[in-house]
Amino acid sequence: MSPTSTNSPASPSPRGSSTMDGPIGTAPAPHMTAEKPKSEAGIKLLELLRSAQENDASDVHLVTGHVPMMRVHQVMAPMDYPVLTADLVRSMVEHMASKEAFAKFDQVKDSDFSYAAPGLARYRVNAHMQRSCSAIAMRSIKTKVPPLAALNLPEVIARLTYLPRGLVLVTGDTGSGKSTTLAAMIQAMNERYRKHIITLEDPVEYAFTSNRCLIEQRELGADMPSFASGLKHALRQDPDIVLVGEMRDLETTALAISAAETGHLVLSTLHTVNASQTVERIIDMYPAGQQNQIRSMLANTLQAVISQTLFSRIDKPGMVPAVEVLLCTPAVRNLIRENRSFEIPNVIETNRALGMCSLDTAIAELYFNGMVSREDAIAQAAYPDKLERMLVA
(Lines give C-alpha, C1' and ligand atoms only; values in the text may rest on other atoms or scores of the structure.)
Protein backbone atom coordinates (compact mmCIF):
# COMPACT_ATOMS: atom_id res chain seq x y z
CA MET A 1 0.00 0.00 0.00
CA SER A 2 1.24 3.46 -0.84
CA PRO A 3 2.46 5.56 2.09
CA THR A 4 0.00 8.27 1.00
CA SER A 5 -3.00 5.95 0.88
CA THR A 6 -5.98 7.58 2.61
CA ASN A 7 -7.59 4.35 3.81
CA SER A 8 -4.64 3.17 5.87
CA PRO A 9 -5.79 2.50 9.45
CA ALA A 10 -2.45 3.78 10.71
CA SER A 11 -2.75 7.17 9.04
CA PRO A 12 -2.64 9.94 11.66
CA SER A 13 -5.46 12.48 11.85
CA PRO A 14 -4.57 15.72 10.08
CA ARG A 15 -3.55 18.66 12.27
CA GLY A 16 -6.59 20.60 13.41
CA SER A 17 -9.07 17.76 12.76
CA SER A 18 -11.88 17.06 15.19
CA THR A 19 -9.96 14.25 16.87
CA MET A 20 -7.33 16.77 17.92
CA ASP A 21 -9.67 19.54 19.05
CA GLY A 22 -11.64 17.80 21.79
CA PRO A 23 -10.48 16.77 25.25
CA ILE A 24 -7.96 13.95 25.33
CA GLY A 25 -10.08 12.14 27.89
CA THR A 26 -11.23 12.11 31.46
CA ALA A 27 -8.51 11.10 33.85
CA PRO A 28 -9.41 8.50 36.45
CA ALA A 29 -9.88 9.78 39.97
CA PRO A 30 -6.57 10.29 41.79
CA HIS A 31 -5.56 7.72 44.36
CA MET A 32 -7.76 8.07 47.37
CA THR A 33 -9.75 5.95 49.73
CA ALA A 34 -12.66 4.26 48.00
CA GLU A 35 -16.08 4.95 49.48
CA LYS A 36 -16.74 2.43 52.25
CA PRO A 37 -20.05 1.08 53.57
CA LYS A 38 -21.76 3.57 55.87
CA SER A 39 -20.91 3.21 59.55
CA GLU A 40 -21.76 5.25 62.62
CA ALA A 41 -18.37 6.97 62.39
CA GLY A 42 -18.84 7.60 58.66
CA ILE A 43 -22.30 9.11 59.16
CA LYS A 44 -21.11 11.41 61.96
CA LEU A 45 -18.08 12.42 59.91
CA LEU A 46 -20.28 13.42 56.97
CA GLU A 47 -22.49 15.48 59.31
CA LEU A 48 -19.44 17.40 60.52
CA LEU A 49 -18.02 17.91 57.03
CA ARG A 50 -21.38 19.08 55.70
CA SER A 51 -21.64 21.64 58.52
CA ALA A 52 -18.06 22.80 57.83
CA GLN A 53 -18.78 23.20 54.13
CA GLU A 54 -21.92 25.24 54.86
CA ASN A 55 -19.74 27.60 56.90
CA ASP A 56 -17.10 27.84 54.12
CA ALA A 57 -14.45 26.28 56.37
CA SER A 58 -11.02 25.55 54.88
CA ASP A 59 -9.95 23.12 57.61
CA VAL A 60 -11.59 20.74 60.09
CA HIS A 61 -9.85 19.49 63.25
CA LEU A 62 -11.11 16.40 65.09
CA VAL A 63 -9.19 15.87 68.32
CA THR A 64 -10.04 13.38 71.06
CA GLY A 65 -11.37 15.12 74.15
CA HIS A 66 -12.33 18.33 72.31
CA VAL A 67 -15.34 19.52 70.37
CA PRO A 68 -14.72 19.55 66.61
CA MET A 69 -13.11 22.78 65.37
CA MET A 70 -13.11 24.42 61.95
CA ARG A 71 -11.05 27.20 60.41
CA VAL A 72 -13.12 29.86 58.66
CA HIS A 73 -11.13 32.63 56.92
CA GLN A 74 -8.06 31.85 59.08
CA VAL A 75 -10.00 31.93 62.39
CA MET A 76 -10.56 28.77 64.46
CA ALA A 77 -14.18 28.26 65.59
CA PRO A 78 -15.90 25.49 67.58
CA MET A 79 -18.60 23.39 65.94
CA ASP A 80 -21.97 22.62 67.49
CA TYR A 81 -21.15 19.02 68.35
CA PRO A 82 -20.35 17.01 71.50
CA VAL A 83 -16.82 16.34 72.69
CA LEU A 84 -15.19 13.64 70.55
CA THR A 85 -14.30 10.30 72.13
CA ALA A 86 -11.10 8.37 71.39
CA ASP A 87 -13.03 5.46 69.87
CA LEU A 88 -15.02 7.73 67.55
CA VAL A 89 -11.98 9.61 66.23
CA ARG A 90 -10.07 6.38 65.64
CA SER A 91 -13.10 4.93 63.84
CA MET A 92 -13.22 8.04 61.65
CA VAL A 93 -9.58 7.52 60.70
CA GLU A 94 -10.30 3.89 59.85
CA HIS A 95 -13.35 4.92 57.82
CA MET A 96 -11.37 7.38 55.68
CA ALA A 97 -7.99 5.67 55.31
CA SER A 98 -7.00 2.85 53.00
CA LYS A 99 -5.68 -0.32 54.61
CA GLU A 100 -2.13 0.80 53.85
CA ALA A 101 -2.65 4.31 55.25
CA PHE A 102 -4.33 2.97 58.39
CA ALA A 103 -1.52 0.45 58.92
CA LYS A 104 0.99 3.30 58.64
CA PHE A 105 -1.02 5.31 61.16
CA ASP A 106 -0.87 2.39 63.62
CA GLN A 107 2.84 1.87 63.02
CA VAL A 108 4.35 5.38 62.90
CA LYS A 109 1.50 7.40 64.52
CA ASP A 110 1.16 9.69 61.48
CA SER A 111 -0.44 9.13 58.10
CA ASP A 112 -1.29 11.41 55.15
CA PHE A 113 -3.96 10.49 52.61
CA SER A 114 -6.83 11.86 50.51
CA TYR A 115 -10.51 11.34 51.25
CA ALA A 116 -13.55 12.00 49.05
CA ALA A 117 -16.64 12.77 51.11
CA PRO A 118 -19.63 11.58 49.05
CA GLY A 119 -21.59 14.52 47.70
CA LEU A 120 -19.37 17.10 49.42
CA ALA A 121 -15.70 17.56 48.56
CA ARG A 122 -12.24 16.04 48.61
CA TYR A 123 -9.96 16.47 51.60
CA ARG A 124 -6.26 16.29 52.33
CA VAL A 125 -6.08 14.39 55.60
CA ASN A 126 -3.43 13.96 58.28
CA ALA A 127 -4.22 11.43 61.00
CA HIS A 128 -1.89 11.58 64.00
CA MET A 129 -1.58 10.86 67.70
CA GLN A 130 -1.54 13.43 70.49
CA ARG A 131 -1.52 12.60 74.21
CA SER A 132 -1.80 8.93 73.18
CA CYS A 133 -5.14 9.52 71.41
CA SER A 134 -6.17 9.91 67.77
CA ALA A 135 -6.53 13.29 66.07
CA ILE A 136 -7.36 14.36 62.53
CA ALA A 137 -6.59 17.49 60.51
CA MET A 138 -8.51 17.87 57.24
CA ARG A 139 -7.96 20.48 54.52
CA SER A 140 -10.81 20.97 52.05
CA ILE A 141 -9.80 20.75 48.39
CA LYS A 142 -12.04 22.43 45.87
CA THR A 143 -13.09 20.02 43.15
CA LYS A 144 -13.00 22.63 40.37
CA VAL A 145 -9.73 24.34 39.50
CA PRO A 146 -10.37 28.10 39.64
CA PRO A 147 -9.25 30.23 36.68
CA LEU A 148 -6.26 32.48 37.30
CA ALA A 149 -8.43 35.54 36.74
CA ALA A 150 -10.58 34.62 39.77
CA LEU A 151 -7.68 34.47 42.26
CA ASN A 152 -6.85 38.20 42.57
CA LEU A 153 -3.31 37.50 41.39
CA PRO A 154 -1.08 39.93 39.46
CA GLU A 155 -1.55 39.75 35.69
CA VAL A 156 2.12 38.85 35.23
CA ILE A 157 1.48 35.39 36.70
CA ALA A 158 -0.71 34.50 33.73
CA ARG A 159 2.21 35.44 31.48
CA LEU A 160 4.39 32.88 33.22
CA THR A 161 2.20 30.09 31.79
CA TYR A 162 3.63 30.95 28.34
CA LEU A 163 7.21 30.09 29.40
CA PRO A 164 8.70 27.22 27.36
CA ARG A 165 11.25 26.15 29.97
CA GLY A 166 12.84 27.06 33.29
CA LEU A 167 12.00 26.96 36.99
CA VAL A 168 9.02 28.82 38.48
CA LEU A 169 8.62 28.75 42.28
CA VAL A 170 5.48 29.58 44.26
CA THR A 171 6.35 30.15 47.91
CA GLY A 172 4.64 31.05 51.17
CA ASP A 173 3.49 29.70 54.49
CA THR A 174 1.30 26.62 54.79
CA GLY A 175 -2.22 27.55 53.73
CA SER A 176 -1.16 30.57 51.69
CA GLY A 177 -2.74 29.29 48.46
CA LYS A 178 0.35 27.88 46.73
CA SER A 179 -1.42 24.72 45.51
CA THR A 180 -4.36 26.71 44.15
CA THR A 181 -2.09 29.09 42.22
CA LEU A 182 -0.13 26.21 40.70
CA ALA A 183 -3.32 24.32 39.83
CA ALA A 184 -4.72 27.39 38.06
CA MET A 185 -1.46 27.76 36.10
CA ILE A 186 -1.54 24.08 35.08
CA GLN A 187 -5.19 24.39 34.00
CA ALA A 188 -4.40 27.48 31.89
CA MET A 189 -1.72 25.50 30.04
CA ASN A 190 -4.05 22.49 29.78
CA GLU A 191 -6.55 24.66 27.91
CA ARG A 192 -3.96 26.21 25.58
CA TYR A 193 -1.24 23.71 24.65
CA ARG A 194 -0.86 20.15 23.44
CA LYS A 195 1.79 19.02 25.89
CA HIS A 196 2.53 16.31 28.42
CA ILE A 197 2.22 17.41 32.05
CA ILE A 198 3.28 15.27 35.02
CA THR A 199 2.47 16.31 38.58
CA LEU A 200 4.15 14.84 41.67
CA GLU A 201 2.05 15.56 44.76
CA ASP A 202 1.66 14.73 48.45
CA PRO A 203 -1.21 13.98 48.23
CA VAL A 204 -2.95 14.69 44.92
CA GLU A 205 -5.14 17.74 45.53
CA TYR A 206 -6.93 19.13 42.50
CA ALA A 207 -7.92 16.35 40.09
CA PHE A 208 -7.27 17.48 36.51
CA THR A 209 -9.05 16.32 33.38
CA SER A 210 -6.79 16.07 30.34
CA ASN A 211 -8.11 18.67 27.92
CA ARG A 212 -5.62 19.64 25.24
CA CYS A 213 -2.71 18.36 27.36
CA LEU A 214 -2.13 14.84 28.61
CA ILE A 215 -1.93 15.15 32.40
CA GLU A 216 -0.61 12.44 34.71
CA GLN A 217 -0.83 12.86 38.50
CA ARG A 218 1.38 10.81 40.80
CA GLU A 219 0.87 10.67 44.55
CA LEU A 220 3.61 10.20 47.13
CA GLY A 221 3.30 6.79 48.72
CA ALA A 222 0.68 5.42 46.34
CA ASP A 223 2.50 6.02 43.03
CA MET A 224 6.10 6.85 44.01
CA PRO A 225 8.29 6.34 47.10
CA SER A 226 9.66 9.92 47.18
CA PHE A 227 9.61 13.19 45.26
CA ALA A 228 13.20 12.60 44.17
CA SER A 229 12.39 9.13 42.80
CA GLY A 230 9.23 10.37 41.08
CA LEU A 231 11.08 13.29 39.49
CA LYS A 232 14.03 11.18 38.36
CA HIS A 233 11.71 8.75 36.58
CA ALA A 234 9.37 11.48 35.31
CA LEU A 235 12.23 12.84 33.21
CA ARG A 236 12.21 9.52 31.31
CA GLN A 237 8.47 9.78 30.63
CA ASP A 238 8.67 12.46 27.90
CA PRO A 239 7.22 15.40 29.89
CA ASP A 240 7.07 18.99 28.74
CA ILE A 241 5.95 20.38 32.09
CA VAL A 242 6.60 18.92 35.56
CA LEU A 243 4.97 20.05 38.79
CA VAL A 244 6.86 19.04 41.94
CA GLY A 245 4.69 19.44 45.04
CA GLU A 246 7.57 20.63 47.18
CA MET A 247 11.35 20.93 46.87
CA ARG A 248 11.85 19.59 50.37
CA ASP A 249 15.35 18.10 50.16
CA LEU A 250 18.63 18.47 48.32
CA GLU A 251 18.10 15.56 45.92
CA THR A 252 14.68 16.79 44.79
CA THR A 253 15.96 20.36 44.43
CA ALA A 254 18.97 19.26 42.37
CA LEU A 255 16.76 17.16 40.06
CA ALA A 256 14.28 20.02 39.61
CA ILE A 257 17.03 22.46 38.63
CA SER A 258 18.55 19.88 36.27
CA ALA A 259 15.14 19.26 34.67
CA ALA A 260 14.71 22.99 34.09
CA GLU A 261 18.24 23.18 32.70
CA THR A 262 17.50 20.43 30.17
CA GLY A 263 14.52 22.24 28.61
CA HIS A 264 11.53 21.40 30.80
CA LEU A 265 9.21 23.85 32.50
CA VAL A 266 9.30 22.95 36.21
CA LEU A 267 6.84 24.35 38.76
CA SER A 268 7.37 23.82 42.48
CA THR A 269 6.93 25.27 45.96
CA LEU A 270 9.01 26.23 48.98
CA HIS A 271 8.02 27.39 52.46
CA THR A 272 9.76 30.75 52.20
CA VAL A 273 8.17 34.17 52.59
CA ASN A 274 9.95 36.27 49.95
CA ALA A 275 12.07 36.03 46.83
CA SER A 276 15.51 36.73 48.32
CA GLN A 277 14.93 34.19 51.09
CA THR A 278 13.90 31.64 48.45
CA VAL A 279 17.18 32.03 46.57
CA GLU A 280 19.18 31.78 49.81
CA ARG A 281 17.27 28.69 50.95
CA ILE A 282 18.07 26.84 47.73
CA ILE A 283 21.75 27.76 47.84
CA ASP A 284 22.02 26.81 51.52
CA MET A 285 20.74 23.28 50.80
CA TYR A 286 24.05 22.52 49.09
CA PRO A 287 27.44 21.85 50.71
CA ALA A 288 29.73 24.87 50.74
CA GLY A 289 31.95 23.42 48.02
CA GLN A 290 29.04 23.19 45.55
CA GLN A 291 27.37 26.54 46.21
CA ASN A 292 29.19 28.52 43.52
CA GLN A 293 28.19 25.94 40.91
CA ILE A 294 24.54 25.91 42.01
CA ARG A 295 24.41 29.71 41.97
CA SER A 296 25.36 29.59 38.31
CA MET A 297 22.82 26.84 37.54
CA LEU A 298 20.05 28.60 39.45
CA ALA A 299 20.82 31.91 37.75
CA ASN A 300 20.45 30.23 34.37
CA THR A 301 17.23 28.30 35.11
CA LEU A 302 15.14 30.34 37.55
CA GLN A 303 12.41 32.28 35.74
CA ALA A 304 10.28 33.67 38.54
CA VAL A 305 9.49 33.53 42.26
CA ILE A 306 5.91 34.16 43.40
CA SER A 307 5.62 34.64 47.18
CA GLN A 308 2.09 34.67 48.60
CA THR A 309 0.64 35.86 51.92
CA LEU A 310 -3.10 35.42 52.55
CA PHE A 311 -5.23 38.04 54.30
CA SER A 312 -8.78 37.95 55.64
CA ARG A 313 -10.86 40.45 53.68
CA ILE A 314 -12.71 43.23 55.48
CA ASP A 315 -14.88 44.31 52.53
CA LYS A 316 -16.59 40.92 52.19
CA PRO A 317 -16.19 37.33 53.47
CA GLY A 318 -13.18 35.56 52.04
CA MET A 319 -9.43 35.71 51.61
CA VAL A 320 -7.17 37.73 49.33
CA PRO A 321 -3.45 37.22 48.56
CA ALA A 322 -0.68 39.79 48.71
CA VAL A 323 1.86 38.63 46.15
CA GLU A 324 5.55 39.44 45.80
CA VAL A 325 6.80 38.81 42.26
CA LEU A 326 10.42 38.42 41.20
CA LEU A 327 11.14 38.03 37.49
CA CYS A 328 14.61 36.85 36.57
CA THR A 329 15.97 39.63 34.40
CA PRO A 330 19.67 39.74 33.47
CA ALA A 331 20.28 41.98 36.49
CA VAL A 332 18.68 39.44 38.85
CA ARG A 333 20.67 36.59 37.30
CA ASN A 334 23.88 38.50 37.93
CA LEU A 335 22.94 39.06 41.57
CA ILE A 336 22.35 35.33 42.04
CA ARG A 337 25.66 34.40 40.39
CA GLU A 338 27.58 36.94 42.45
CA ASN A 339 26.00 35.95 45.79
CA ARG A 340 24.26 39.30 46.19
CA SER A 341 20.71 38.07 46.79
CA PHE A 342 20.36 40.70 49.55
CA GLU A 343 20.04 43.26 46.72
CA ILE A 344 17.03 41.52 45.17
CA PRO A 345 14.44 43.65 47.09
CA ASN A 346 15.94 46.81 45.53
CA VAL A 347 15.71 45.31 42.04
CA ILE A 348 12.07 44.40 42.63
CA GLU A 349 11.25 47.95 43.74
CA THR A 350 12.91 49.53 40.71
CA ASN A 351 11.34 47.20 38.12
CA ARG A 352 7.63 47.57 38.76
CA ALA A 353 7.09 48.40 35.10
CA LEU A 354 8.10 44.82 34.22
CA GLY A 355 5.50 43.36 36.58
CA MET A 356 7.71 42.89 39.65
CA CYS A 357 6.18 43.78 43.00
CA SER A 358 7.41 43.66 46.60
CA LEU A 359 5.32 42.14 49.36
CA ASP A 360 4.84 45.48 51.13
CA THR A 361 3.76 47.23 47.92
CA ALA A 362 1.21 44.48 47.32
CA ILE A 363 -0.07 44.78 50.90
CA ALA A 364 -0.35 48.56 50.59
CA GLU A 365 -2.38 48.18 47.41
CA LEU A 366 -4.81 45.82 49.17
CA TYR A 367 -5.13 48.31 52.05
CA PHE A 368 -5.79 51.30 49.80
CA ASN A 369 -8.39 49.25 47.90
CA GLY A 370 -10.24 48.65 51.17
CA MET A 371 -9.65 44.88 51.19
CA VAL A 372 -7.53 44.44 54.35
CA SER A 373 -7.29 46.15 57.72
CA ARG A 374 -4.43 48.43 58.72
CA GLU A 375 -3.57 46.14 61.66
CA ASP A 376 -3.29 43.02 59.47
CA ALA A 377 -1.32 44.92 56.83
CA ILE A 378 1.34 46.09 59.28
CA ALA A 379 1.45 42.76 61.14
CA GLN A 380 2.36 40.79 58.00
CA ALA A 381 4.62 43.34 56.33
CA ALA A 382 8.25 42.58 55.55
CA TYR A 383 9.21 46.04 56.88
CA PRO A 384 6.39 47.13 59.26
CA ASP A 385 7.79 50.60 60.08
CA LYS A 386 8.30 51.44 56.41
CA LEU A 387 4.84 50.18 55.48
CA GLU A 388 3.25 52.18 58.31
CA ARG A 389 4.76 55.35 56.88
CA MET A 390 3.58 54.34 53.42
CA LEU A 391 0.00 53.87 54.64
CA VAL A 392 -0.01 57.30 56.30
CA ALA A 393 1.15 58.91 53.08
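Please read all numbers here as calculations on a predicted model, not as lab measurements.

J.: Even after reading the chapter, I still don't get the packing of helix α7 (residues 227-234) against helix α8 (residues 250-261), so can you show me in this structure?
T.: Relative orientation and spacing of two packed helices are given, respectively, by the angle between their axes and the distance between those axes. Look at α7 against α8: their axes get within 8 Å of each other, and the N-to-C directions meet at 20 degrees. As judged from the angle between their axes, α7 and α8 are roughly parallel. Where α7 crosses over α8, the two elements pack in a sense that is left-handed. In this structure, α7 contributes F227, A228, L231 and K232 to the contact, and α8 contributes E251, T252, L255 and A256. Residue classes in the contact of α7 with α8 are distributed as 5 nonpolar, 1 polar and 2 charged.

J.: Please clarify how the sheet that holds strand β13 (residues 319-327) should be interpreted in this entry.
T.: Sheet strands line up and pair through hydrogen bonds in the backbone, either parallel or antiparallel. Ordered by their spatial adjacency, 7 strands build an open sheet running β9-β8-β10-β11-β7-β12-β13, and the pairing between neighbours is mixed. Every interior strand has two partners, whereas the edge strands, β9 (214-219) and β13, have only one. Recorded for the sheet is a direction-independent mean angle of 15 degrees between the axes of neighbouring strands. With 9 bridges connecting them, strand β12 (residues 302-312) and β13 associate as antiparallel partners. If you follow V305 over to β13, its bridge partner there is L326. Each of β8 (196-201), β9 and β10 (241-244) is contacted by α7, which is oriented at about 170 degrees to β8, the strand it contacts most.

J.: Please explain the packing of helix α13 (residues 359-368) against helix α15 (residues 384-392) as it appears in this structure.
T.: Taken N-terminus to C-terminus, the directions of α13 and α15 make an angle of 35 degrees; their axes are 10 Å apart at the nearest point. Once α13 is placed against α15, the crossing between them reads as right-handed. Contact residues: D360, I363, A364, Y367 and F368 in α13; L387, M390 and L391 in α15. In terms of residue class, the contact of α13 with α15 is built from 7 nonpolar, no polar and 1 charged.

J.: So what exactly am I meant to see when it comes to the sheet that holds strand β1 (residues 59-63) here?
T.: Taken in spatial order, the 6 strands line up as β3-β2-β1-β6-β5-β4 in an open sheet, and their pairing is antiparallel. Each of the sheet's edge strands pairs with one partner strand only, and the pair in question is β3 (75-78) and β4 (110-116). Ignoring strand direction, the axes of neighbouring strands in this sheet form an average angle of 20 degrees. Sheet topology places β1 next to strand β6 (residues 133-141); 5 bridges connect them, and they run antiparallel. Within β6, the residue paired with V63 across the bridge is A135.

J.: So what exactly am I meant to see when it comes to the side chain of S312 here?
T.: For S312, the location among the structural elements is in strand β12. At a separation of 3.0 Å, a polar atom in the side chain of S312 contacts the main-chain carbonyl oxygen of H73. With residues up to four places along the chain from it excluded, the contact list for S312 reads H73, Q74, G318, M319, M371, V372 and D376.

Procedures and definitions
Positions within a chain are numbered from 1, following the residues in the order the chain's sequence is written. Residue-level local features of this predicted model are given only where pLDDT is at least 70; pairs of side-chain atoms are given and counted only at 80 or more, and the full residue set underlies all totals for whole chains, interfaces and linings. In computing side-chain properties, one takes all heavy atoms of the structure into account and sets aside hydrogens as well as water. Geometry is summarised by axes, namely lines fitted to C-alpha atoms with helices restricted to the contacting stretch, and by angles between N-to-C directions that run from 0 to 180 degrees. Numbering of helices and strands runs from the N terminus, with a helix taken as a DSSP run of H or I at least four residues long and a strand as a DSSP run of E at least two residues long. Reported orientations rely on four angle classes, namely roughly parallel under 35 degrees, roughly antiparallel over 145, roughly perpendicular from 65 to 115, and oblique for the rest. It is the rotation of the near helix from the far one that decides the hand of a crossing: anticlockwise by less than a right angle makes it left-handed, clockwise makes it right-handed. Only heavy atoms matter for contacts: two residues are in contact if any of them lie within 4.5 Å across the pair. In the scheme used here, Gly and all other residues not listed as nonpolar or charged are polar, with Ala, Val, Leu, Ile, Met, Phe, Trp, Tyr, Cys and Pro taken as nonpolar and Asp, Glu, Lys and Arg as charged. Note: two strands are recorded as paired if DSSP finds a minimum of 2 bridges between them. The definition of a polar contact used here is a pair of N or O atoms within 3.5 Å, where within protein one atom must be able to donate a hydrogen and the other to accept one, and adjacent residues in sequence count solely through side-chain atom pairs.

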